[in-house]
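Chain by chain, the residues:
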Amino acid sequence: MNHLSFSELCCLFCCPPCPSKIAAKLAFLPPEPTYSLMCDESGSRWTLHLSERADWQYSAREKDAVECFMTRTSRGNRIACMFVRCSPNARYTLLFSHGNAVDLGQMSSFYIGLGSRINCNVFSYDYSGYGASSGKPSEKNLYADVDAAWHALRSRYGIRPESVIVYGQSIGTVPSVDLASRYESAAVVLHSPLTSGMRVAFPDTKKTYCFDAFPNIDKISKVTSPVLVIHGTEDEVIDFSHGLALYERCQRPVEPLWVEGAGHNDVELYGQYLERLKQFVAHELNNL
């Protein structure tokens, strides 16, 4: 996410733009795609080709555990989906909405590492305009994208809602909160979340304006699943206060993880990140 320049701020105040303009300014930085998907003649089997920039850290054997396919959203875009089988006896699957400026190719190694360490499979997707997904990134597309991913996960793999952990990181907390406010799941994890677009750009914003984008703060109280909030206390992109504000509005919060000294992009490098997730998945969820 970028902070707005002075001239852009003036524009905002003189002629408040529609939410999609704010969204595009604040949030969407699709990288050059780091992978491609090739379809066989039957049209049903897709092969994942990773470029060097995907920074794949495993062998071909692990790559066999990664299944990719395309699905269509209600807004007509085709989005790339990735199912990573990390654990044969996994009870839960993370529906992972990734952060900004990355795509599935760059996230694939992280998904294998995370899933195998916390004993979960990982299902993820690229937003419209990211990776192999068609269309352009927008707030409305973001909600249609996560919806399509949710339905593909359920119909293609037969995974029930009570076995899905909705996981969002940074901008990915926006589709995650939206989805979780409409469907019940096993749990929700919000990793470096934002309260709303305007509140990131203008930290003193106290209410949600009609032209604001990504109003997580207004949707979080509708989420009925248990919510784990994770945020670095030195986050330089989305201030730690955003995580705190969302935590305070949750219907069913669990003990949050405030990572002392962590910024926006290094929370997962701290030991307590994996420890907290392991504890949550292996023990707490069974007792909630």
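Residues numbered from 1 in each chain as written. Predicted model: local features only at pLDDT ≥ 70, side-chain atom pairs only at ≥ 80, totals over all residues. Heavy atoms only, no water.

### What to know about the overall build of the chain
Along the chain, the regular secondary structure elements total 10 helices and 10 strands. Expressed along its principal axes, the backbone C-alpha trace of the chain runs to roughly 55 × 45 × 30 Å. Counting over 288 residues, the chain shows a buried share of 56%. The contacts of the chain with a sequence gap of at least 6 include a subset with a gap of at least 24, amounting to 68%. Put simply, the chain shows about 12,800 Å² of open surface, and 50% of that area lies on carbon and sulfur atoms. Put simply, the chain has 27 plus and 31 minus side-chain charges, and the middle of one group is 7 Å from the middle of the other. (Helix = DSSP H or I, 4+ residues; strand = E, 2+ residues; numbered from the N terminus. Buried < 20%, exposed > 50% of the residue type's maximum accessible area, 1.4 Å probe, protein only. Contact = heavy atoms within 4.5 Å. Areas by Shrake-Rupley, 256 points an atom, 1.4 Å probe, with all protein chains shown as cover. Lys, Arg positive; Asp, Glu negative; His and termini not counted. Charge placed at Lys NZ, Arg CZ, Asp CG, Glu CD.)

### Regarding the packing of aromatic side chains
Enumeration according to the criterion identifies 16 aromatic pairs in this entry. Both rings, one in Phe83 and one in Tyr157, keep their centres 4.2 Å apart while their planes meet at 25°; by these two values the pair is stacked. Taken as a pair, Phe83 in strand β4 (residues 78–84) and Tyr157 in helix α5 (residues 139–157) lie far apart in primary sequence, 74 residues in all. The burial state of Phe83 is the same as that of Tyr157; both residues are buried. Considering the side-chain rings of Tyr247 and Trp258, the 5.9 Å spacing of their centres and the 90° angle between planes classify their relative orientation as edge-to-face. Of the two residues, Tyr247 sits in helix α9 (residues 240–249) while Trp258 sits in strand β10 (residues 257–259), which places them 11 residues apart along the sequence. (Phe/Tyr/Trp six-rings, centres within 6.5 Å; stacked < 30°, edge-to-face > 60°.)

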